[in-house]
Every structure is written in structure tokens, then in C-alpha cells.
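Structural features, examined
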Amino acid sequence: MFRSKAFDLLKPIASMSRQPNLAYKFIHPAIASHGYRCHRRSVDYRQSYKTCPGSAGGRTVSAPQTKVMAEELPGVLILDIGGTHGVLENLAALLKKHFRLITMKEFLENKKEMSKKIQSVFVFERRPTIDQELLESLPNLKVIGNSGVGVDHLDLKMISNFGVKVTNTPHAVADPTADIGMALMLASARRLVEGCQTAVSPDTKYFPVDCLGVEVTRATLGIIGMGSIGYRVAQRARAFDMRILYHNRNRRKEEEEAVGAHYCEKMEDLLQQSDFVMLVVNLTPETHKLIGKKELGLMKPTATLVNISRGAVIDQDALVEALQNKVIRAAALDVTYPEPLPRDHPLLKLNNIIITPHIGTATVQATCMMAEEAIANMLAVLKGQPIPSEVFPK
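All of these numbers come straight from a predicted model, not from anything done at the bench. (Residues numbered from 1 in each chain as written. Predicted model: local features only at pLDDT ≥ 70, side-chain atom pairs only at ≥ 80, totals over all residues. Heavy atoms only, no water.)

1. Some words on the side chain of Ser389
The residue Ser389 is located in the loop between helix H15 (364-382) and strand S15 (390-391) in this model. The exposure class of Ser389 is buried, given its relative accessible area of 4%. Apart from the residues within four sequence positions on either side, Ser389 is in contact with Val166, Thr167, Asn168, Pro170, His171, Glu373 and Asn377. (Helix = DSSP H or I, 4+ residues; strand = E, 2+ residues; numbered from the N terminus. Buried < 20%, exposed > 50% of the residue type's maximum accessible area, 1.4 Å probe, protein only. Contact = heavy atoms within 4.5 Å.)

Below, the structure is given as C-alpha cells:
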């Protein structure tokens, strides 16, 4: 797993201190009432505990100094600790400060006793699976704390029917996801993957002079979805002197003025003008296959499609056809459907595409911050306090 390797390699990373980000003024006001203060990536609960060594800002989060036996702590269900799909050990240590950790194996081996103790579920990398059978077996469950912003893997309406709240971690994911969007755009534009392969190949005798990319500086970027991630993408694009267009359900005048973006009420107008189109939307019934054959046909033949949202936002069959027939220049995806793609999928055979393994938030700092934000959310629910980041069914 990329995250596990990252933590092993970067455990000694020095703490970093940075200036507050202007965009953090949009943080939900309920966070302040819960004592959760973000200074760039700094968190301060009115209780204190130390975060993972790699946390940006070297943040320290406070916890009560009174000793509490693990048996007295509220139970939180997790899939496992470590292994292929389990919660990283660094994050498990954070959870243990406030919860008694109960793995799925422990729960299944002693359902009668454990079901009474579990008041929350920590969902990490979309696991454990939350279905009706699990919800029916947890009579005291009050909250599901999702690590990450996307909740398309959770049936919000069904969960709500059980009287259980769902939370996510939007503040932790915005910067690293925007970073990966810019990285994909730059890598595709300048053909970095292809260039690296040429440079390291044992068969290379000379560097080709026709390995030409396209420039990002002063190009037109179309952002579909101007939420917190889309806004941060626009901030970064401004540094490249890019012309920034955006399409969103609602016009965001304050944000567009801050970054000099231009609003496109119709997505079609954005597609026709953009050199790079970046998808930064949540996966909903409305955004499922938002980009299909028609939309790809509206794009410039020199344009690049970048997806950092969810794989199902694109009709992948239509994308394969568009890339094969040079309807668009290239694509760069951090997400696909499914993940990973079957090894014989036609997208994997194309040379004008870059695919990364959904690593938008795979940094030491972001992973720790997501856990901290999830902890704050779950504790708020259990204590009857304002919830920083609650997700409601539509």
C-alpha cells in the first residue's frame, strides 16, 4: 500500500510550520465552538494529545490529562489495524486516545458483547462496508466518521433511517487533492512519464528531439466544481498565469474574484474554450457519467482531461474512444471505476493517458489530519456538541 510505505519512509520527517491559508476562512464555524482550530494544518482540541510525527505544522492536539481505562472509552469499530486494508498504526494510536478500538474480527467473534460497546465506526479507505446487516447489529451506534470527503460508498438515507449521523473530513483533503490535480496536469502536458521511461530505459541511445509537450503557463484551465478543492486548484493555477474558467451549480463570486476566475453558467461553454479540463465534483446521480461522448466531442482536439473526483464521473468507454481517435489530446486520472481497473482494460493500453492509484490525499500530513478531523467529528456527536462536518442525505 502506498500509504503504508509512505509512513515507513517518512516517519522521521521534520515538523513544518506554514502561514495560514486564506481559503481556511471558509471553515465551518462549528469547528471553533468545538475547539477545533485549523492553522494551515494545525489542530487544537480543548483536550490534548500528540499527533503523528509527520503532521504538518507539528500540531499538538490536547486531551484530558485524567487517565481513563480503555474499557470506559466509547467503542469505535474499525476493519483492522495494519495489513492490506486496515487502519495505519499511526492513526490507530490517535484513535486510542479517545476510543476503545474494536476490529471487525473482534466484533464478529463476540457480537453479543461488542455490539453494546460500539458507538461509532471509523471508515478508512472505504472500509468497513456499512450495510443494513451491520447497522441492525449495532444498537448503540451514533456516528460513522468517514476519513475523506467523498461519501458515495455510504447509503446516507439508509444510515439516517437508523438515527446514525455521518461525518466527513473536507478540510483535510483540499490542499493535497489540489496538488495532485496540478501534478497530473503538468505531468501530462510535459509528457513526464514518457520522458522518464525514455531516460531510464536500457535501450535508449539518444534522447528524441520530437518528444514535445504543451505549455501550462498562460493556458486556459476549466474547473468543473468550485468547492474547496476546486478553489485551491484555481489558486495554484493563478501562479501559472492561467486563464481560469469554472462551472458550478451556484456562482461563487467571492472565490472567483479572489482568483480572477470567470464563471461559465453552461458547462458546454467551458469545455469548448479550455486547454485543460479538471473534474472536481462529488459523485452523485447528477454527476454520474457527467463527461461522456458528447462532452468529449465539445473539447478541443488539443485539450487534456484531468479527473481528481471519482472515476464514475466519466463514461470510460467514451473516454477510450476519444483518446484512441484523438478527439482530445490526453487524459490524466487519479481515479477510475473500478479501482484498480482490470489488467486488460483498454485505458491501460493507451500511450496518451496517465493513471495514478487514487493518491490525492496520500500524504503523511493529510492522512493524519483526516484522522484528527474524523475524531473531532465523532467526539462532537457523542458529546452532543456542534458537529464540524456532518453529511446529510439528499
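That shown, we press on.
2. Details of helix H14 (residues 316-324)
Among all positions of H14, only Gln316, Ala318, Leu319, Val320, Ala322 and Leu323 are buried. As for H14, its buried residues are in contact with helix H13 (293-298), strand S12 (304-307), strand S13 (330-333) and strand S14 (353-355). Two residues or fewer after H14 comes Lys326, characterised by a positive phi angle close to 60°.

3. Quick notes on the packing of aromatic side chains
Tallying each qualifying case throughout the model produces two aromatic pairs. Here the aromatic rings of Phe122 and Phe124 are separated by 6.4 Å at their centres, their planes lie at 20°, and the arrangement is stacked. Residue class for Phe122 comes out buried when judged on its relative accessible area of 0%. With centroids separated by 5.1 Å and ring planes inclined at 50°, the aromatic side chains of Tyr246 and Tyr263 adopt a geometry described as tilted. With a gap of 17 residues between them, Tyr246 in strand S9 (residues 243-247) and Tyr263 in strand S10 (residues 262-263) connect regions that are remote in the sequence. A relative accessible area of 0% means that Tyr246 is categorised as buried. When its relative accessible area of 22% is taken as the criterion, Tyr263 is described as partly exposed. (Phe/Tyr/Trp six-rings, centres within 6.5 Å; stacked < 30°, edge-to-face > 60°.)

4. So, the confidence of the model for the protein chain
On average, the protein chain scores 87 in pLDDT, and the residues at 70 or more come to 82%. Across the protein chain, the element-wise mean pLDDT spans from 36 in strand S1 (residues 48-50) up to 99 in strand S11 (residues 276-279). Below pLDDT 50 for its whole length, residues 1-51 participates in 140 contacts with residues either more than four positions away or in separate chains. Scored below 50 in pLDDT, residues 53-67 makes 50 contacts in the model with residues more than four places away or belonging to other chains. (pLDDT = per-residue confidence, 0-100.)

5. Some details on the pairing of S9
For S9, the buried fraction is high: four of the five residues fall into the buried class. For strand S8 (residues 220-224) and S9, the ladder comprises five bridges, and the chain directions are parallel. Looking at the pairing, Ile223 lines up with Tyr246 of S9. Handedness of the crossover joining S8 and S9 through helix H10 (residues 228-238) is recorded here as right-handed. (Pairing = 2+ DSSP bridges. Right-handed = clockwise from strand over helix to strand, strands pointing away.)

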